[in-house]
Every structure is written in C-alpha cells, then in structure tokens.
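Coordinates in review
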Amino acid sequence: MKLRSLFVLAAGIGVGYALATKRHQDDPDIVHGPQRQQASSGGPTLRLVSDGAQRLADQAGVLSLDAIRRARGAIRSRLGEYDDGYADDASWN
C-alpha cells in the first residue's frame, strides 16, 4: 500500500510539473511589447501628429515638475513662518 501511494504521488508531481511548464510557455498568438514601425509606414501626417504629441507631452512634464517645485517651495516657506523651535522636526532635504 505504501509503495502504491509513493507511485501515485510521483505521478501527480510529474503531471503537475508537465502542466506547469506547458502553462508558462509563451503564446505565439500574443504580441509582447510595442512593435517598431517602419519609417515609411504611417505617412508624413502621422509623423507630424506624433511629433506634436511628443512635444506636448514633454512640455506637460516640464510644467508639472515646475508646479511641484513651486508647491514644495511654498510649503517650505510656510514651515519657516511657523517656527516654534521645532525646526528639526520638518526637514526638507
């Protein structure tokens, strides 16, 4: 009885391992990651629009960082106004 249980356990481990390896294989029908397009595909209009969108996104990123810097500066100045001797508690480095 013990030997039969050992064989059943080994068979279960083998089947589980086989299923796990099959399950982790890449599916050839699914595309992974962005695909690079040829420079000729898309035409000049699409390139113009995508370049404009990229410039707009870059400007938005810069403006966002500027707003964050201004907000941090305002917080620093407000913390400096309310100096009750606890300057060490709020350290902005």
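Preceding block: the structure.
Everything in this summary refers to the structure shown in the same document.

What follows deals with the overall build of the chain. The helix and strand tally for the chain stands at 2 helices and 0 strands. A total of 93 residues make up the chain; the buried ones form 1% of that total. With an accessible surface of roughly 9,000 Å², the chain has 59% of that area assigned to carbon and sulfur atoms.

Moving on to helix α1 (residues 2-23). When the terminal C-alpha atoms of α1 are compared, their 31 Å separation across 22 residues agrees well with the 32 Å that a helix rising 1.5 Å per residue should span. With 0 of 22 residues buried, α1 lies mostly on the surface of the structure.

The next thing to look at is a nonpolar patch on the surface. On the surface, Leu3, Leu6, Phe7, Leu9 and Ile13 cluster together to form a nonpolar patch covering roughly 560 Å² of accessible area. Relative to the elements of secondary structure, Leu6 occurs in helix α1.

The rules we used
Residues numbered from 1 in each chain as written. Predicted model: local features only at pLDDT ≥ 70, side-chain atom pairs only at ≥ 80, totals over all residues. Heavy atoms only, no water. Helix = DSSP H or I, 4+ residues; strand = E, 2+ residues; numbered from the N terminus. Buried < 20%, exposed > 50% of the residue type's maximum accessible area, 1.4 Å probe, protein only. Areas by Shrake-Rupley, 256 points an atom, 1.4 Å probe, with all protein chains shown as cover. Expected span 1.5 Å × (residues − 1). Patch = residues over 30% accessible without salt bridge, like charges linked within 9 Å, V, L, I, M, F, W, Y side chains within 5 Å. Salt bridge = Lys/Arg side-chain N within 4 Å of Asp/Glu carboxyl O.

Limitation: the analysis is restricted to geometry and does not speak to function.
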